[in-house]
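Next come the chains, spelled out residue by residue.
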Amino acid sequence: MCLAIPGKIIELVPDQPHLGTVEVTGVRRKVDLGLLVDDMPVPGDWVLIHVGFAMTKISEQDALEQMHLLQMLGETEQAIEEVRGYGLDDSGGIRSVSSGTS
Amino acid sequence: MRYVDEFRDPELITKASEEIYRLADTGRHYRIMEVCGGHTHAIYRFGLKDVLPANIELIHGPGCPVCVLPMGRIDDGLAVAKSQNVIFAAFGDMMRVPGTHGSPLEHKAGGTDVRIVYSPADALQLARKNPNKHVMFFAIGFETTAPSTALTLMRAKSEGIRNFSIFCNHVTIVPAIRAILDSPDMRLDAFIGPGHVSTVIGCRPYEWIARNEGKPVVTSGFEPLDLLQSIVMLLRQLRAGEARVENQYKRVVPWEGNRAALKAMAEVFQLRPYFEWRGLGFISQSALKIRDEYAEWDAEQRFPIPGTRVTDPKAAQCGEVLKGVLKPAQCKLFGNECTPEHPIGALMVSSEGSCAAYYNYEHRKAALVTRISSVA
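Since we're looking at a predicted model, the values are computed, not measured.

S.K.: Quick rundown of the pattern of salt bridges? Include the residues and the values.
M.R.: Evaluated as defined, the whole model comprises 22 salt bridges over all chains. Linking Arg155(B) and Asp32(A) is a salt bridge whose minimum nitrogen-to-oxygen distance equals 2.8 Å. A residue pair is termed interchain when its members come from two chains, as with Arg155(B) in helix α7 (residues 146-159) and Asp32(A) in strand β3 (residues 27-32). In this structure, Arg155(B) and Asp32(A) share a single accessibility class: buried. The residue Asp312(B) makes a salt bridge to Arg278(B) at a minimum N-O spacing of 3.0 Å.

Here it is, written out as structure tokens:
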């Protein structure tokens, strides 16, 4: 539940200003940037993502350390599965239940 | 020092550990609560107990939203999904959590339309894609997650999406800390404050703990070094007889929190007069409900709710473990009737619950050692 995933902003979605495309270990998905309206990120910025929403801007160094932390906690796979699952892109899927994630 | 070689800065870890040994008064027993379930998981995963002196005891707090959710709420959500023929959308964490008549996953097998979503925004997207079905998002989480639910609801309202609702179970961390501090059998010295909750609420909401209760609070990151540094900061305060709120996780947590997130929460939610927490009972003003302005998107106002109440078995001593009166393994059910595969009590339900974390990292390790030595 407390999972926070570091991602790099690739672009802001042109016709939907509250959305941005982020990249997490090669996976690109749209996330909601609405919680950062007071300090909107720009392409190249790093953010911490929680349940599909960018929560806070972080430095690149902190992003790399956060990824390392997920690896140490054994949660990298779960984080990538979460990012892959974000369903705001047509390519992303809201899946019917086949297995649970913990 | 089991995992010390894995640490990014083994030297810094050793230094922090030495500093803790130096600061801890050998004639005193320290009881420090880490409030957040993510911290509990990290503490066990990294075996931090092994680099701390024996007189520093870490007590695992209530910050696991899956664990503290009463079973009756799951029953109610699933009952609505079944009787109203709506899509029940929830995070993967919820899927195996037992209700009285089975988990969401088991209800899926019985024909209820249950979907995993990774974001409340995805539940709304599901409603956009299925205009002839109603999608109910079963929302759980502390202040880390509640702003995302709030923004999603604001988007549903502004787009006029009416086949969508929220079954709101969001809870707030500070009243739970207050309930633990008010408990007569509680004896704590200091708090490791939550990391990601604090990115939203900031550090000020903890100030009363220092001011009124005289107990230091340090909001902490999740890395081993973060947690050890936080313990150093707490011990320095305790040694100097001080009680302040400090922020160890400055790289992520702004002192004032996230104003946009707090604004979204205030727009959509109001406090419930009281809410039941598994293991802790009813706590006043400890949970969020949806404001009347958003009633149309509130599953509890839109659909008949059974209001199921399920009490935990008397033998389960979750409340005592939550307050640090008992260690997980001291509960009569631990590891026997109550395991992560078949959880009976709240704290065994999620990997962030203290009993599940203890079971996965300590109990299994001990069992393995016993097996190996009996073979040898």
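S.K.: Now, about the interface of chain B and chain A: what can you tell me, with residues and values included?
M.R.: Taken together, the contacts link 53 residues of chain B with 40 residues of chain A. Contact between chain B and chain A buries roughly 4,100 Å² in total, counting both sides, with carbon and sulfur atoms accounting for 61%. One can count 2 salt bridges joining chain B with chain A. The interface formed by chain B and chain A holds 9 residue pairs in polar contact (both at pLDDT 80 or more) in total.

S.K.: Break down the packing of helix α1 (residues 10-23) of chain B against helix α11 (residues 224-240) of chain B for me, with residues and values.
M.R.: For any two helices packed against each other, one specifies the crossing angle of their axes together with the interaxial distance. Residues and elements named next belong to chain B. Where α1 contacts α11, the two axes come as close as 9 Å, and the packing angle between them is 20°. With respect to their mutual orientation, α1 and α11 come out roughly parallel. For the crossing formed where α1 meets α11, the hand is left-handed. For the pair α1 and α11, the contacting residues are Leu12, Ile13, Ala16, Glu19, Ile20, Arg22 and Leu23 in the first and Pro224, Leu225, Leu228, Ile231, Val232, Leu235, Arg236 and Arg239 in the second. Split into classes, the residues belonging to the contact of α1 with α11 amount to 11 nonpolar, no polar and 4 charged.

S.K.: Can you lay out the sheet that holds strand β4 (residues 114-116) of chain B for me, pointing to particular residues and giving the numbers?
M.R.: Residues and elements named next belong to chain B. The strand order across the open sheet formed by 4 strands is β4-β3-β5-β6, and the pairing between neighbours is parallel. Looking along the sheet, the strands with just one partner apiece sit at the ends: β4 and β6 (164-168). With direction set aside, neighbouring strand axes in the sheet form an average angle of 25°. Of the strand pairs in this sheet, strand β5 (residues 135-139) and β6 are connected by 5 bridges, and their pairing is parallel. By the bridge assignment, Ala139 is partnered in β6 with Cys168. Along the sheet, helix α6 (residues 120-129) makes contact with β3 (87-90), β4, β5 and β6, crossing β5 at roughly 170°. Across the sheet, α7 touches β5 and β6, and the angle it forms with β6 is around 155°.

S.K.: Explain the side chain of Ser165(B) residue by residue, including any values.
M.R.: Residues and elements named next belong to chain B. Tracing the sequence through the fold places Ser165 in strand β6. The buried category is assigned to Ser165, whose relative accessible area is 0%. There is a polar contact of 2.7 Å between the side chain of Ser165 and the side chain of His134. Here Ser165 is in contact with His134, Val135, Met136, Phe137, Trp297, Asp298, Ala299 and Phe303, once residues within four sequence places are set aside.

S.K.: Give a detailed account of the pairing of strand β2 (residues 19-24) of chain A, specifying residues and quantitative values.
M.R.: Residue and element names in this part refer to chain A. Taken across its 6 residues, β2 has 5 buried, putting it largely inside the fold. By the bridge criterion, 4 bridges tie strand β1 (residues 5-12) to β2 in an arrangement that is antiparallel. Residue pairing across strands places Lys8 opposite Glu23, the latter belonging to β2. Linkage of β1 to β2, two consecutive antiparallel strands, is achieved through a turn of 6 residues. Inspection of the sheet shows β2 paired to β3 by 6 bridges, in the antiparallel sense. Its bridge partner lying in β3, Val22 is registered against Arg29. The turn joining β2 and β3, which pair antiparallel and follow one another in sequence, is formed by 2 residues; a positive phi near 40° is taken by Thr25.

S.K.: Explain the confidence of the model for chain A to me, using residue names and the numbers behind them.
M.R.: The predicted structure's coordinates, where accompanied by low pLDDT, should not be read in detail. Of the residues in chain A, 85% have a pLDDT of 70 or more, and the chain-wide mean is 86. Residue range residues 91-102 of chain A is modelled with pLDDT below 50. Its contacts to residues more than four positions away, or to other chains, number 38 contacts.

S.K.: Explain the pairing of β5(B) residue by residue, including any values.
M.R.: Put simply, side chains in a regular strand alternate between the two faces of the sheet. Residue and element names in this part refer to chain B. Judged by how many residues are buried, β5 sits mostly within the fold: 5 of 5 residues are covered. Judged by which residues are buried, β5 turns out to be covered on both faces: Val135, Phe137 and Ala139 on one side and Met136 and Phe138 on the other are all buried. Read from β5 through α7 to β6, the crossover connection turns out right-handed.

What counts and what doesn't
- Residues numbered from 1 in each chain as written.
- Chains lettered and ligands numbered in written order.
- Predicted model: local features only at pLDDT ≥ 70, side-chain atom pairs only at ≥ 80, totals over all residues.
- Heavy atoms only, no water.
- Salt bridge = Lys/Arg side-chain N within 4 Å of Asp/Glu carboxyl O.
- Helix = DSSP H or I, 4+ residues; strand = E, 2+ residues; numbered from the N terminus.
- Buried < 20%, exposed > 50% of the residue type's maximum accessible area, 1.4 Å probe, protein only.
- Contact = heavy atoms within 4.5 Å.
- Buried area = accessible area lost by both parts, 1.4 Å probe.
- Polar contact = N/O pair within 3.5 Å; in protein donor to acceptor, adjacent residues only side chain to side chain.
- Axes fitted to C-alpha atoms, helices over the stretch in contact; angles between N-to-C directions.
- Parallel < 35°, antiparallel > 145°, perpendicular 65-115°, else oblique.
- Left-handed = near helix turned anticlockwise from the far one by under 90°.
- Nonpolar A, V, L, I, M, F, W, Y, C, P; charged D, E, K, R; others polar.
- Pairing = 2+ DSSP bridges.
- pLDDT = per-residue confidence, 0-100.
- Right-handed = clockwise from strand over helix to strand, strands pointing away.

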